[in-house]
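Below, each chain spelled out in residue letters.
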Amino acid sequence: MSSSSRLFFIAVLIFSLLSSGVSSVHSASDAKLLVFAAASTTNAVTDVNDLFSASGKGEATASFASSSTLAKQIAQGAPAGVFLSANQKWMDYLEKEGFIIKETRFDLLKNRLVLIAPIDRDVPTVEIKPGFDLKGLLDQGRLAMGDPTHVPAGMYARQALESLGIWKDLESRVAAAAHVRAALALVERGEAPLGIVYATDAGISDKVKVVGTFPESTHPPIVYPVAAVAGTDAPLAEAYLEFLKSPKASEVFIKYGFQPN
């Protein structure tokens, strides 16, 4: 090989290596992750995604709905990279069917269940205990809560009311919502005099007030598991999951009233 040919070969090799490096950096910064997250995490996850996107590891966006809706969409092939559920049931369902990478699963957050009323409604603070007169507080109105057949917040609420021995009296008075934020909206607009939501949902609204907190003994622990979805960009999903454990992310979750696990 002549010296000129050798120099040309070296130049081509260097250019190829540099191009490859630029391409890798470019693809990393352009990598996109879609997070499917429970509606109750809307504000917190939106802020966390902004922080993750600013870190240069990739761009994270989110789709919010009830955990049941999101789990079913993932099972039907929706292009989610990470799933954050408001209860264990829907994560268990996806794990059993092989739709998540089970090694990446962990419990991220905890929450509480509260009774709320419109801010301008004259409702006294109540002690929530067995047999308390929730039906009397409703008067002729309805109780807003997530649909107890599949929405985690509604499922927890039903379990709490059953534990308190008052579910049968209230079952016909329930205004079942598609997700917990929809239940919150019913109370905010005064369409329901009372509602059962997570403490974090009540905390982001200036249109409702908390009039009672459900004892944790009345329902299973409210835990939010998270995991990477099978078939996704595993390195990006894993980087995002690690970021969720970071002090920066924990700060955001605490700001919105969640308890990092």
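Calculation criteria
- By convention here, each chain's residues receive numbers from 1 onward along its written sequence.
- Two thresholds apply to this predicted model, a pLDDT of at least 70 for residue-level local features and 80 or more for giving and counting side-chain atom pairs, whereas whole-chain, interface and lining totals are computed over all residues.
- With hydrogens and water stripped out, all remaining heavy atoms of the structure feed into the side-chain values.
- Numbering of helices and strands runs from the N terminus; a helix is a DSSP stretch of H or I covering at least four residues, while a strand is a stretch of E covering at least two.
- Exposed residues in this analysis have more than 50% of their type's maximum accessible area, buried residues have under 20%, and partly exposed residues fall in between, with area computed by a 1.4 Å probe over protein chains only.
- Note on contacts: a residue pair qualifies if any of its non-hydrogen atoms lie within 4.5 Å across the two residues.
- Areas reported here follow the Shrake-Rupley algorithm with a probe of radius 1.4 Å; residue values treat only the protein chains shown as occluding.
- Only C-alpha atoms enter the line fits that serve as axes; for helices the fit covers just the stretch in contact. Angles between N-to-C directions range over 0 to 180 degrees.
- In this scheme the handedness of a crossing depends on how the near helix is turned from the far one: anticlockwise by less than a right angle means left-handed, clockwise means right-handed.
- Amino acid classes used here: Ala, Val, Leu, Ile, Met, Phe, Trp, Tyr, Cys and Pro are nonpolar; Asp, Glu, Lys and Arg are charged; the rest, including Gly, are polar.
- Residues belong to a common nonpolar core when they are buried Ala, Val, Leu, Ile, Met, Phe, Trp, Tyr or Cys residues joined through side-chain atoms within 4.5 Å.
- Pairing of aromatic rings covers Phe, Tyr and Trp, the last counted by its six-membered ring, and requires centre-to-centre distances within 6.5 Å; plane angles under 30 degrees mean stacked, over 60 mean edge-to-face, and any other angle means tilted.
- Strand pairing is defined by DSSP finding a minimum of two bridges between the two strands.
- Only one rule defines a salt bridge in this text: a Lys or Arg side-chain nitrogen within 4 Å of an Asp or Glu carboxyl oxygen.

**Remarks on the overall build of the chain**
Summing up its helical and strand segments, the chain has 11 helices and 11 strands in all. By the burial criterion, 46% of the 261 residues in the chain qualify as buried. Considering only contacts within the chain whose residues lie at least 6 apart along the sequence, 79% involve residues at least 24 apart. Working note: accessible area of the chain is about 12600 Å², and carbon and sulfur atoms make up 54% of it.

**What to know about the packing of helix α2 (residues 42–54) against helix α10 (residues 234–244)**
At their nearest, the axes of α2 and α10 sit 11 Å apart, and the two run at 115° to each other. Of the two possible hands of crossing, α2 and α10 adopt the one that is right-handed. Where α2 approaches α10, its residues Val45, Val48, Asn49, Leu51 and Phe52 are matched on the opposing element by Leu236, Ala239, Tyr240, Phe243 and Leu244. Here the residues of the contact of α2 with α10 are counted per class, giving 9 nonpolar, 1 polar and no charged.

**Looking at the nonpolar core**
If you look at the biggest cluster of nonpolar residues, it comprises 71 residues, and the most contacted ones within it are Leu115, Tyr240 and Phe253. In terms of residue count, α10 provides more of this core than any other element does, 6 residues in total. With sequence-adjacent residues up to four places away left out, Leu115 is seen in contact with Val126, Ile128, Leu134, Leu143, Leu194, Gly195, Ile196, Lys209, Val210, Val211, Gly212 and Phe214. Ala65, Leu70, Ala80 and Leu94 belong to the second-largest nonpolar core, a separate cluster that totals 14 residues.

**Let's talk about the packing of aromatic side chains**
Considering all chains together, one arrives at 7 aromatic pairs under this definition. For the ring pair Tyr156 and Tyr198, a centre distance of 6.4 Å and an interplane angle of 65° mean the geometry is edge-to-face. Of this pair, Tyr156 sits in helix α6 (residues 152–163) while Tyr198 sits in strand β8 (residues 194–198), placing them 42 residues apart in sequence. Ring geometry for Phe253 and Phe258: centres 6.2 Å apart, planes at 85°, overall edge-to-face. Using a relative accessible area of 1% as the deciding quantity, one classes Phe253 as buried. Here a set of aromatic residues connected by ring pairs shows up, and it is made of Tyr156, Tyr198, Tyr224, Phe253 and Phe258.

**Observations concerning the sheet that holds strand β1 (residues 32–38)**
The strand order across the open sheet formed by 6 strands is β2-β1-β3-β10-β4-β11, and the pairing between neighbours is mixed. The strands lining the two open edges of the sheet, one partner per strand, are β2 (59–65) and β11 (259–260). Pairing of strand β4 (residues 106–111) with β11, which is carried by 2 bridges, proceeds in the antiparallel orientation. When the bridges of β11 are listed, Lys110 appears paired with Gln259.

**Observations concerning the pattern of salt bridges**
For the coordinates displayed, the defined rule picks out 9 salt bridges. For Arg105, the salt bridge goes to Glu95, with nearest N and O atoms at 2.8 Å. One end of the pair, Arg105, is in the loop between α4 (88–96) and β4; the other, Glu95, is in helix α4, and 10 residues separate them in sequence. Its relative accessible area of 29% is what places Glu95 among the partly exposed residues. Among the salt bridges present, the one from Glu191 reaches Arg189, with a minimum N-O distance of 2.6 Å. Neither residue differs from the other here; Glu191 and Arg189 are each classed as exposed. Several salt bridges share partner residues, and in doing so they unite Asp92, Glu95 and Arg105 into one network.

**What about the sheet that holds strand β7 (residues 174–177)?**
Taking strand neighbours across the sheet as the criterion, the 5 strands line up as β7-β6-β8-β5-β9 in an open arrangement whose pairing is mixed. At either margin of the open sheet sits one strand with a lone partner, and together these are β7 and β9 (208–213). Going across the sheet, the axis of each strand differs from the next one's by a mean of 35°, ignoring polarity. Pairing analysis gives 5 bridges linking strand β5 (residues 113–118) to β9, with the strands arranged antiparallel. Bridging from a neighbouring strand, Pro118 pairs with Val208 of β9. Relative to the sheet, helix α8 (residues 180–188) contacts β5, β6 (143–146), β7, β8 and β9, its axis offset from that of β8 by approximately 145°.

Everything listed here is a matter of geometry and, on its own, says nothing about what the molecule does.
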